[in-house]
Amino acid sequence: MIVTRIAGLLSALACMGAPAPARAAMVAPASVAIGSDVFVEHLGAANRVLERSDRLRRGDRVVTIVSWRRALPGGAFTVVNPLPHRVQFDGTADGAEEVSVDGGRSWGKLGQLRIAGRLALAPDVTHVRWHIASPAPAGRIAYRAIVR
C-alpha cells in the first residue's frame, strides 16, 4: 500500500493574519501525483460558494480538494492527510474517509474511535485518510474543516 501525504494542506493559513498550521511533507510515489487546493466556503440562502482567499480567520469554513493523477496504470493506494492543529475536521460529503485521533497510529470512523475513555469528536481528529481503489487515471476527494 502506498501512503501519500499532502504537503501544505492549508498553506493559505500561513498568510499574515491567519493561524499558522503545522506543515506536512509531501511523499508521493512516482506513479501518483497529488495536489490540493483550499477554498473558503460561503453559504448563501440558496447556494454555496467556494472562493480562494489569501487570509483565513478563526471560524472560517474551508474546503480542501485533493486531486490525484496516475502517471501509469496501477492498483489501490492510500492518501493520508495530517491536519494542522489550527483546523478542525468537519466531515466529507461521501463518508468514505477514515480518521485518526492519535497521530495516525490507529484508524476508524468518527464516532467509533475512543480517546481518553470517551468517544472521539471532530476536534480530536489528527489525520484523515482515503483508500483509493478506483482504477481511474485521476480523481478528486474533498473534506471540510473549520479554522480554530
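Residues numbered from 1 in each chain as written. Predicted model: local features only at pLDDT ≥ 70, side-chain atom pairs only at ≥ 80, totals over all residues. Heavy atoms only, no water.

### Here's the deal with the overall build of the protein
Then, in step 1: Across its full length, the protein holds zero helices and eleven strands.
Then, in step 2: Every one of the 148 residues in the protein was classed for burial, and the buried ones make up 41%.
Then, in step 3: When contacts within the protein are restricted to residue pairs at least 6 apart in sequence, those whose partners lie at least 24 apart make up 69%.
Then, in step 4: Counting every atom, the protein has about 8,000 Å² of accessible surface; 54% of that belongs to carbon and sulfur. (Helix = DSSP H or I, 4+ residues; strand = E, 2+ residues; numbered from the N terminus. Buried < 20%, exposed > 50% of the residue type's maximum accessible area, 1.4 Å probe, protein only. Contact = heavy atoms within 4.5 Å. Areas by Shrake-Rupley, 256 points an atom, 1.4 Å probe, with all protein chains shown as cover.)

### Some remarks on the pairing of strand 2 (residues 32–43)
Then, in step 1: With nine bridges joining them, strand 2 and strand 4 (residues 61–70) adopt antiparallel strand pairing. Each bridged residue has a counterpart across the sheet, and for Val 32 the counterpart in strand 4 is Arg 70.
Then, in step 2: The turn linking strand 2 back onto strand 3 (residues 48–51) is made up of four residues. (Pairing = 2+ DSSP bridges.)

### Some details on the pattern of salt bridges
Then, in step 1: Scanning the entire structure with this criterion turns up six salt bridges.
Then, in step 2: The partner of Asp 37 in a salt bridge is Arg 52, and the shortest N-O contact between them spans 3.5 Å. Separated by 15 residues along the polypeptide, Asp 37 in strand 2 and Arg 52 in the loop between strand 3 and strand 4 bring together distant segments of the chain.
Then, in step 3: When its relative accessible area of 56% is taken as the criterion, Arg 52 is described as exposed.
Then, in step 4: Here Asp 90 makes a salt bridge to Arg 61, at a shortest N to O gap of 2.8 Å. Here the residue Asp 90 occupies a position in the loop between strand 6 (87–89) and strand 7 (98–100), and Arg 61 occupies one in strand 4, the gap between them amounting to 29 residues.
Then, in step 5: For Asp 90, a relative accessible area of 30% translates into the label partly exposed. (Salt bridge = Lys/Arg side-chain N within 4 Å of Asp/Glu carboxyl O.)

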